[in-house]
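Fold and contact review
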There are 2 protein chains.
Amino acid sequence: MSATGSTSPLGVICGAGEFPLAVARAARSAGRDVFLLGIEGFVDGELAGWPHARVRLGRIGALLAALRGANVRDLVIVGGLTRPAFRDLRLDFGALRLVPAFLDALRGGDDRLLSRVARFFEREGFRVLGAHEAAPGLLAPAGAIARRAPVAATLRDAEFAARLVAATGPFDAGQAAVVCDGHVWAIEAAEGTDAMLARVAELRASGRIRRRPPSGLLYKAPKPGQDRRVDLPALGPRTVEAARRAGLAAIAWEAGGALVLDREAMARAADAAGISLFGRAA
Amino acid sequence: MSATGSTSPLGVICGAGEFPLAVARAARSAGRDVFLLGIEGFVDGELAGWPHARVRLGRIGALLAALRGANVRDLVIVGGLTRPAFRDLRLDFGALRLVPAFLDALRGGDDRLLSRVARFFEREGFRVLGAHEAAPGLLAPAGAIARRAPVAATLRDAEFAARLVAATGPFDAGQAAVVCDGHVWAIEAAEGTDAMLARVAELRASGRIRRRPPSGLLYKAPKPGQDRRVDLPALGPRTVEAARRAGLAAIAWEAGGALVLDREAMARAADAAGISLFGRAA
């Protein structure tokens, strides 16, 4: 029995990446039954060990039927769902009456998109939880979680980056930036965090960034006013590996405003690379 | 005789790119003598047809002596000078007393850097002009300068991008962004405009951006409060070519807030690619 007080299984709509199964495992560890709904072409993990169904992104009627058939009332939507082109949506018969609302949900920025998808499910009678509500252990904490403590200049950079990310938030742009000693090296938009970090590595290789590694800080935070039930920024061991390749000295996040996948593995990777990891109290 | 009323030659400190010689040609066309000072390792153009000297970036004493020997009083600083690593600076004897002020100028963001370099030359008795003052014909105009007129959605995107670039300006970050229908595709920071446009092309190729080309708008503007004597954002035929490769529909700028190199060639390239080009009145 979970803190949500429901005996029906938690529905996990699974997009791409490692987070959907991490949320499912955390919810099951907390004693809650789980039903996974994998979105074809997006879901990465192995669903076979779980009660689950798979549907295509556009098959909204089938998706609702699968959730209702499993007695799902509480839902969490986790993982990447790159904005589909309308031509890629294969709409089923049951979707027809829902299409206007769903297509409407696909307009706007990523945040608006996901908020609208959440509202769509709410209008269909589900309760949409944030991944951090379904699996509170994934919420990124305050303070340092690896051995290397951030130095004063790193803490100043985290403040600077927090103001920068807050300034781009109203434009529904990225949730991350890379800064160093008050200089902005990269601001994330449609490319995503991994591609942004790869860019920093290239800027170093080409000599455009000449500060010797390790230097620079990756900061991730939700957008101001973001619907935190969907699309909180995510961090994990892969993030540390990408930051290491970019020669960064630190990774920071807004405490309680990001999800951390596999904190222990992340801290081990950071310790091996000499990277400091810390949550900044908002 | 130019509008600046000086009979001493205009000194043009030439960094990388096509702009230094464009400024020199425009000033000479306006009847002013010109003395070029090419920064070794940065200057791209052929200086042989001009009164000129070449110095290394760190040889500040030699640089000042060359300018004074040519009777330069008015200076313009044009073209890219990627922030040097201190270890790359070869300081000459004359530089020793100047080093603290000059190294101080090299801290801070690009804008602060260039402002401080300008103040450094002012303290040495020079008058530092903007490229747009030395060569007003290069200043990017208001309104459309190619055949294809921007549609209403494109004008809305220009307003949206102008607000975005204004929001990142206080962080001394990039002066450009790519947006489409109210979505932010890319925000420029240390990578520069060409690399940002190449990224948009890659995001299209990988399917991360699925809108069919031509779509999307590149916007360039100075930072709010920027010292306009240095580092106004620049546009030229190369920008159009990079935008064409990125599948963009339009390029816009803050009227009077950017420099346009070879407007006729730029308009021809835009017409061939079906790209609209226009200045937005700030």
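Since this is a predicted model, take the numbers as computed values, not measurements.

The secondary structure content of chain A amounts to nine helices and 13 strands. A buried classification covers 58% of the 282 residues belonging to chain A. When contacts within chain A are restricted to residue pairs at least 6 apart in sequence, long-range pairs at least 24 apart make up 72% of them.

Residue and element names in this part refer to chain B. Contact pair helix α8 (residues 237–245) / helix α9 (residues 263–273): the axes reach a minimum separation of 8 Å and the direction vectors enclose 15°. It follows from the interaxial angle that α8 and α9 lie roughly parallel. For α8 against α9, the interelement crossing comes out right-handed. Along the contact surface, α8 presents Pro237, Val240 and Arg244, while α9 presents Ala265, Met266, Ala269, Ala270 and Ala273.

Time to look at the pattern of salt bridges. Taken as a whole, this structure holds 24 salt bridges over all chains when the rule is applied. Here A:Asp172 makes a salt bridge to A:Lys223, at a shortest N to O gap of 3.0 Å. Linking A:Asp172 in the loop between α6 (152–168) and β7 (176–180) with A:Lys223 in the loop between β9 (217–220) and β10 (234–235), this pair joins segments that are 51 residues apart in sequence. For A:Lys223, a relative accessible area of 4% corresponds to the buried category. Note that A:Arg199 is salt-bridged to A:Glu191, the shortest N-O span being 3.0 Å. Exposure class is identical for A:Arg199 and A:Glu191. Each is buried. A single network of salt bridges, built from pairs that share partners, joins A:Glu191, A:Arg199, B:Glu191 and B:Arg199.

A separate point is the domain arrangement of chain A. All names here are of chain A. Assigned domains of chain A: these are domain 1 (10–136) and domain 2 (139–280). With 19 residues of domain 1 at the interface, the matching set in domain 2 holds 16 residues. Taking both partners together, domain 1 and domain 2 bury about 1,500 Å²; carbon and sulfur atoms supply 60% of that area. Viewed at the interface, domain 2 and domain 1 are joined by zero salt bridges. The interface formed by domain 1 and domain 2 holds one residue pair in polar contact (both at pLDDT 80 or more) in total.

All names here are of chain B. Spatially, β3-β2-β1-β4-β5 is the arrangement adopted by the five strands of the open sheet, whose pairing is parallel. Edge positions in the sheet fall to β3 (52–55) and β5 (127–129), since each of these pairs with one other strand and no more. With strand direction ignored, the average angle separating the axes of adjacent strands in the sheet is 25°. Of the strand pairs in this sheet, strand β4 (residues 74–78) and β5 are connected by three bridges, and their pairing is parallel. Note on β5: the bridge partner recorded for Asp74 is Arg127.

Here we take up the environment of B:Arg212. Residues and elements named next belong to chain B. Looking at the secondary structure, you find Arg212 in the loop between α7 (193–205) and β9 (217–220). Residue Arg212 is classed as exposed on the basis of its relative accessible area of 56%. Residues Arg212 and Leu248 lie 36 residues apart in sequence; the distance between their C-alpha atoms is 9.6 Å.

Right, let's get into the environment of B:Leu232. All names here are of chain B. Tracing the chain through its elements places Leu232 in the loop between β9 and β10 (234–235). Separated by 100 residues in the primary sequence, Leu232 and His132 have C-alpha atoms spaced 8.6 Å apart. If we ignore the near neighbours within four places in the chain, the residues touching Leu232 are His132, Leu139, Pro222, Gln226, Gly257 and Leu259.

Once that is clear, we can look at the side chain of B:Asp74. Looking at the secondary structure, you find B:Asp74 in strand β4. Here the side chain of B:Asp74 touches B:Arg127 through a polar contact of 3.1 Å, side chain to side chain.

On to the side chain of B:Arg280. Residues and elements named next belong to chain B. Mapping Arg280 onto the fold places it in strand β13 (residues 276–280). Residue classification places Arg280 among the buried residues on the basis of a relative accessible area of 18%. Dropping the residues within four chain positions of it, Arg280 is found in contact with Ala158, Glu159, Ala162, Tyr219, Trp253, Glu254 and Ala255.

Another aspect to go through is the sheet that holds strand β4 (residues 74–78) of chain A. All names here are of chain A. The parallel open sheet is built from five strands, whose spatial order is β3-β2-β1-β4-β5. Strand pairing shows two members of the sheet lacking a second neighbour, β3 (52–55) and β5 (127–129), which therefore form its edges. With direction set aside, neighbouring strand axes in the sheet form an average angle of 25°. Docked against the sheet, helix α1 (residues 19–29) engages β1 (10–14), β2 (34–39) and β4, running at close to 175° with respect to β2. On the sheet, helix α2 (residues 60–69) packs against β1, β2, β3 and β4 and is oriented at approximately 165° with respect to β2.

Inspection of the entire model under this criterion finds six aromatic pairs over all chains. Ring centres of A:Phe120 and A:Phe121 lie 5.4 Å apart, and the angle between their planes is 75°; this geometry places the pair in the edge-to-face category. You'll find A:Phe120 and A:Phe121 in the same group, each marked buried. Plain terms: the ring middles of A:Phe160 and B:Phe171 are 5.7 Å apart, the flat faces sit at 65° to each other, and that makes the pair edge-to-face. Taken together, the residues A:Phe160 in helix α6 and B:Phe171 in the loop between α6 (152–168) and β7 (176–180) connect one chain to another. Taken together, the aromatic side chains of A:Phe120, A:Phe121 and A:Phe126 make up a single cluster linked through ring pairs.

Quick look at unusual backbone geometry now. Residue and element names in this part refer to chain A. In this structure, the amide linkage connecting Pro213 to the following residue, Pro214, adopts the cis form with an omega of -5°. Its identity is not glycine, yet Asp262 carries a phi of approximately 60°, on the positive side. The topology assignment puts Asp262 in the loop between β12 (259–260) and α9 (263–273).

Next up on the list: α7(B). Between its terminal C-alpha atoms α7(B) stretches 19 Å, which fits the 18 Å expected from 13 residues at 1.5 Å a residue. Along α7(B), the positions that sit buried rather than exposed are B:Thr193, B:Met196, B:Leu197, B:Arg199, B:Val200, B:Leu203 and B:Arg204. Viewed along the axis of α7(B), the buried residues span an arc of 150°, placing them on a single side of the element. Among the exposed residues of α7(B), those pointing more than 90 degrees away from its buried face are B:Glu202 and B:Ala205. Elements in contact with the buried residues of α7(B): α7 (193–205) of chain A together with β7, β8 (183–187), β9 and α8 of chain B. Phi turns positive, to about 85°, at B:Gly207, one or two residues after α7(B).

The rules behind the values
Position numbers for residues start from 1 in each chain and track the written sequence from start to end. Lettering for chains starts from A, numbering for ligands starts from 1, and both go in the order in which the items are written. The predicted origin of the model limits local features to residues at a pLDDT of at least 70 and limits the giving and counting of side-chain atom pairs to 80 or more, whereas totals for whole chains, interfaces and linings rest on all residues. Working from all heavy atoms in the structure, the side-chain values ignore hydrogens and water. Numbering of helices and strands runs from the N terminus; a helix is a DSSP stretch of H or I covering at least four residues, while a strand is a stretch of E covering at least two. Working definition: with a 1.4 Å probe on protein chains only, accessible area under 20% of the residue-type maximum means buried, over 50% means exposed, and in between means partly exposed. The contact rule is simple, with two residues in contact once any of their heavy atoms fall within 4.5 Å. As a rule, the C-alpha atoms of each element are fitted with a line to give its axis, helices using only the stretch in contact, and angles between N-to-C directions run from 0 to 180 degrees. Any angle between 65 and 115 degrees counts as roughly perpendicular, while under 35 counts as roughly parallel, over 145 as roughly antiparallel, and the rest as oblique. Crossing handedness follows the turn of the near helix against the far one: under a right angle anticlockwise gives a left-handed crossing, and clockwise gives a right-handed one. Take a side-chain nitrogen of Lys or Arg and a carboxyl oxygen of Asp or Glu: if they are within 4 Å of each other, that pair is a salt bridge. Here the bounds of each domain stem from an automatic or database domain assignment. The term buried area refers to how much accessible surface (probe radius 1.4 Å) is lost by two components on association, counted for both of them together. Polar contact is the term for a pair of N or O atoms within 3.5 Å; when the atoms are in protein, one must be able to donate a hydrogen and the other to accept it, and sequence-neighboring residues count only if both atoms are side-chain atoms. We call two strands paired when DSSP finds no fewer than two bridges between them. Pairing of aromatic rings covers Phe, Tyr and the six-membered ring of Trp, with a centre-to-centre limit of 6.5 Å; geometry is then stacked below 30 degrees between planes, edge-to-face above 60, and tilted otherwise. In a helix, the anticipated span is given by 1.5 Å times the number of residues less one. Summarising the geometry, the arc corresponds to the directions from the helix axis toward the C-beta atoms.

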